[in-house]
Number of protein chains: 2
Amino acid sequence: MTTDRPRPTSRDVARAAGVSQAAVSLVLGGKWRGRVSPGKAAAVREAARELGYRPNLAARSLRLGRTRTALLVVPALTNEFFARLHAGAARVAAEHGFGVVLYPSPEGVGPARDPFDSAGAALDGVIASSMASEALAALRSGGELPLVMLDSEPENTQAAATVNLDIADGMRQAVGHLLELGHRRVAHIAAAVDSWTFEVRSAALTEALEAAGCPPPPVWTAGLDVADGTRAAARALAAVPRPTALVCDDDVLAAGACKAVRRLGLRVPEDVSVTGFDDLTLARAVEPELTTVRLPAEEAGAAGMRALLAVLDGRREGAVPDGRREGAVPDGRREGAVPDGRTREAGGSGSPAWVTSLPVRLTVRGSTAPPPGTPVGPGGR
Amino acid sequence: MTTDRPRPTSRDVARAAGVSQAAVSLVLGGKWRGRVSPGKAAAVREAARELGYRPNLAARSLRLGRTRTALLVVPALTNEFFARLHAGAARVAAEHGFGVVLYPSPEGVGPARDPFDSAGAALDGVIASSMASEALAALRSGGELPLVMLDSEPENTQAAATVNLDIADGMRQAVGHLLELGHRRVAHIAAAVDSWTFEVRSAALTEALEAAGCPPPPVWTAGLDVADGTRAAARALAAVPRPTALVCDDDVLAAGACKAVRRLGLRVPEDVSVTGFDDLTLARAVEPELTTVRLPAEEAGAAGMRALLAVLDGRREGAVPDGRREGAVPDGRREGAVPDGRTREAGGSGSPAWVTSLPVRLTVRGSTAPPPGTPVGPGGR
DNA sequence: CTGCGGAAGTGTTACGTATAACCTGCTCCG
DNA sequence: CGGAGCAGGTTATACGTAACACTTCCGCAG
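Residues numbered from 1 in each chain as written. Chains lettered and ligands numbered in written order. Predicted model: local features only at pLDDT ≥ 70, side-chain atom pairs only at ≥ 80, totals over all residues. Heavy atoms only, no water.

Chain A carries the name Transcriptional regulator, LacI family in an unreviewed UniProt entry, which gives Streptomyces pini as its organism.

This is the structure in structure tokens:
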């Protein structure tokens, strides 16, 4: 207990350095080029270090009107996908001196509390991920904040920017892989969650199968746990004729599905192939390892944060979203906002200014193989 | 773009309700019992709702000198254990109107940045979890904030409170279980991370085995990935005589170890038993499901946050940590700070005021069985 | 000699809130 | 009848910072 004295303020630093508080602010703010002599500037920095001065961020935020803090709305960090999303967003945020505060998952205490209250901090903007429908309703009420949507329905929102994962393409890749192996009877183990990202999986799966002349897949809904996947897959495998492949909405369900297969005395992948989504740690922990669609969660989080920062920059410059103020963003951040994705400016009225789509890739591992009875021919590798 | 007008302030609300700004603050702050008439109070609330008023939290923080924000330092949220920890802390925080901001993992950008800067928000206190040694050094420099340590070495810290998981007991339970099954040759797949929580595992394992007259376990270190666990286990299983049980520092390593067992043509648990730690989702996703020590991560996070809130309350009351100001905490929060754990007040000088130890429990699943060659007798169940 | 512009600072203000301090009637009691 | 006390307000202030507006000094061009 070191006397527990109050934290030094910029005025204390000024007194110690023999200058005014304004000078301290200028020096520490880095904009003293022709305003403070190098000697006094050094004295200020020395005094600040000596006293262990830290600017009061609340006061700064109040003065500046911005807080360098963003709210990230995710359903549950215990899902590794969202943890990765957060990691990417937090990394980019830290690079720009921003903080990230999380919206407590809606399953938390009582009915969805006001995100802005529960954040406990003043906010500059919001990044909202999928599966947050009722939270979004609350968000709209405080619509003065710039909003970036992640992996959400591109329409029906006044988001300033949208970053999507190309889930549909991922599903097409998974189905293509299964078709190539010779599968024709495919069942869908679907997450029973009202979320755009899962709707896309269903639609893309049905479409891809129909395009190949296969029957539409039976859909078996499940929660989000391993056991849910096992239950749904058990029902799916009871069908006659039995499906030869189970396409699961995420890796957790896929792992559960594998257990159901074995519980029937069947083998993965020799008797039944299984695919997942996300490429979680879990995908390489189970045996056989899961064939899964790798979603670039960190990149998505990073891209979302970059988009938010760009919007914030644009706001500060007073530019309309479309207006290209040459040189307004010094280091070309705007162009580099989403390095790997295809970014297009939407022309539709009321649409988000930027829609970015990040590519996904199927990762083939041991949980898929040709269906039983397939002759090992030259094309069978 | 709804004209993008500036957010209404309490003065705007006052004007709309025909009262002074002070009255608005009193009403909305809930302390208007004998200060404002019910009629005007209602008018204030109505006006606030009408205008969509939200208090400026930066201004409030500046005025009050506290921010209702805590910093949680964890190594990586992508580890489900820490995600659960965060969930518990965030839940309790939200219940008390607090926010939680995370310290970006040290593996992030460059050398450990100043946590307080990167937090981007003014802070009331810090909760630091295990594995944050170098971050702690930075934390010390700003030692004016109350610090709660989670699952960390109880000595050697000026923490205001400490919440520990009884890891040693968990390890004793695991070893006891294996000994009961008849195992004598046990190897340790250890996480090569410099962290107190892993040191405890090693020490407790050795001690428990020696107490039973078993040889000290060979230790094989690994990183934190599935593949690391597989590699380390492969080396462990190459020993002669081969160990009959692998005790792993966490579930991810355990899952990897299971793969190594099977890669040698052996079976889990018939030929080799495997145990883990944490009881992650992964523990029930692999087959056989993992026997593991369940760590109450959410409870730990919640207890840590409660401890911090109690410390903060104590500070505000001006009480010394030991002084029991009767009734200082109205709703008995102090007593209920850690409902399930054993809390003791340390008497040692310089020790944290409160040390709480949360119980852990072994969960027996399919990955453990008697060692090969065990006769199925009456005691063998 | 005068005017001017830049360097080097300082004084002052505003951000929005919570609350201490003050003010004004009114009632009630000695 | 003279306060005391209280309900029901208002005014004023401080929190710590950033930045605008202003002053002073000085070198130098006209």
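After that view, the rundown keeps rolling.
(A) Structural detail: the overall build of chain A. Along the backbone of chain A there are twelve helices and 13 strands. The 381 residues of chain A split such that 54% are buried. In chain A, the proportion of contacts linking residues at least 24 apart, taken out of those at least 6 apart, comes to 69%. Looking at chain A as shown, the accessible area adds up to about 17,200 Å², and 51% of this sits on carbon and sulfur atoms. (Helix = DSSP H or I, 4+ residues; strand = E, 2+ residues; numbered from the N terminus. Buried < 20%, exposed > 50% of the residue type's maximum accessible area, 1.4 Å probe, protein only. Contact = heavy atoms within 4.5 Å. Areas by Shrake-Rupley, 256 points an atom, 1.4 Å probe, with all protein chains shown as cover.)

(B) Molecular detail of the side chain of Thr244 of chain B. All names here are of chain B. You can see Thr244 is positioned in the loop between helix 10 (226-237) and strand 8 (245-248). Reaching out from Thr244, the side chain makes a polar contact with the side chain of His183 at a distance of 2.7 Å. Non-local contacts of Thr244, meaning those with residues more than four positions away in its chain, are made with His183, Arg184, Arg185, Asp271, Val272, Ser273 and Pro371. (Polar contact = N/O pair within 3.5 Å; in protein donor to acceptor, adjacent residues only side chain to side chain.)

(C) Molecular detail of the protein's contact with DNA strand D. Near DNA strand D lie 26 residues; those nearest to it are Ser10, Tyr53, Arg60 and Arg63 of chain A together with Ser37 of chain B. Backbone atoms, meaning sugar and phosphate, make up 57% of the atoms of DNA strand D lying within 4 Å of the protein. Take Ser25 of chain A: an N or O atom from its side chain is 3.1 Å from a phosphate oxygen of DNA strand D. Take Lys40 of chain B: an N or O atom from its side chain is 3.5 Å from a phosphate oxygen of DNA strand D. (Near = heavy atom within 4 Å.)

(D) Looking closely at helix 9 (residues 196-211) of chain B. Residues and elements named next belong to chain B. In this model, helix 9 (16 residues) spans 22 Å end to end at C-alpha, consistent with the 22 Å of a helix rising 1.5 Å per residue. If you check which residues of helix 9 are buried, you get Thr197, Phe198, Val200, Arg201, Ala204, Leu205, Ala208 and Leu209. Across the axial projection of helix 9, the buried residues extend over an arc of 150°, all falling on one side. Exposed residues on helix 9 whose side chains face more than 90 degrees from its buried face are Glu207 and Ala211. Two residues or fewer after helix 9 comes Gly213, characterised by a positive phi angle close to 80°. (Expected span 1.5 Å × (residues − 1). Arc of directions from axis to C-beta.)

(E) Representation of the protein's contact with DNA strand C within the structure. With respect to spatial proximity, 27 residues lie near DNA strand C, and among them Ser37 of chain A together with Ser10, Tyr53, Arg60 and Arg63 of chain B are the closest. Sugar and phosphate atoms represent 59% of those atoms of DNA strand C found within 4 Å of the protein. Looking at the surface near DNA strand C element by element, the count peaks at four residues for helix 4 (residues 57-64) of chain B. When the residues that make up the surface near DNA strand C are grouped by side-chain class, the tally is ten nonpolar, nine polar and eight charged. (Nonpolar A, V, L, I, M, F, W, Y, C, P; charged D, E, K, R; others polar.)

(F) Here's a closer look at the confidence of the model for chain A. Residue and element names in this part refer to chain A. With 77% of its residues at a pLDDT of at least 70, chain A reaches an overall mean of 83. Residue range residues 317-340 is modelled with pLDDT below 50. Its contacts to residues more than four positions away, or to other chains, number 28 contacts. A low-confidence stretch, residues 346-352 stays under pLDDT 50, and its non-local contacts, those more than four residues away or across chains, total nine contacts. (pLDDT = per-residue confidence, 0-100.)

(G) Representation of the sheet that holds strand 10 (residues 291-294) of chain A within the structure. All names here are of chain A. Taken together, six strands build an open sheet; the order of strands is 7-6-8-9-10-13 and the sheet is mixed. If you trace the sheet from one side to the other, it starts and ends with strand 7 (219-222) and strand 13 (361-363), each paired once. Direction aside, the axes of adjacent strands within the sheet are offset by 20° on average. Across four bridges, the pairing between strand 6 (residues 186-191) and strand 7 is parallel. (Pairing = 2+ DSSP bridges. Axes fitted to C-alpha atoms, helices over the stretch in contact; angles between N-to-C directions.)

(H) Fine view of the nonpolar core. Leu246, Val274 and Met305 of chain A together with Leu246 and Met305 of chain B are the most contacted members of the largest nonpolar core, which has 168 residues in total. When sequence neighbours within four positions are dropped, the list of residues in contact with Leu246 of chain A reads Ala187, Ile189, Ala233, Ala236, Leu237, Ala257, Val261, Val272, Ser273, Val274 and Thr275 of chain A. (Core = buried A, V, L, I, M, F, W, Y, C linked by side-chain atoms within 4.5 Å.)

(I) Region of the structure containing the pattern of salt bridges. Tallying each qualifying case throughout the model produces 28 salt bridges over all chains. Between Asp12 of chain A and Arg15 of chain A there is a salt bridge whose closest N-O contact spans 3.5 Å. Within this pair, Asp12 of chain A and its partner Arg15 of chain A are both found in helix 1 (residues 10-17), separated by three residues, close to a single helical turn. Its relative accessible area of 61% is what places Arg15 of chain A among the exposed residues. When salt bridges that share partners are traced, they join Lys259 of chain A together with Asp279, Glu289, Arg294 and Arg365 of chain B into one network. (Salt bridge = Lys/Arg side-chain N within 4 Å of Asp/Glu carboxyl O.)

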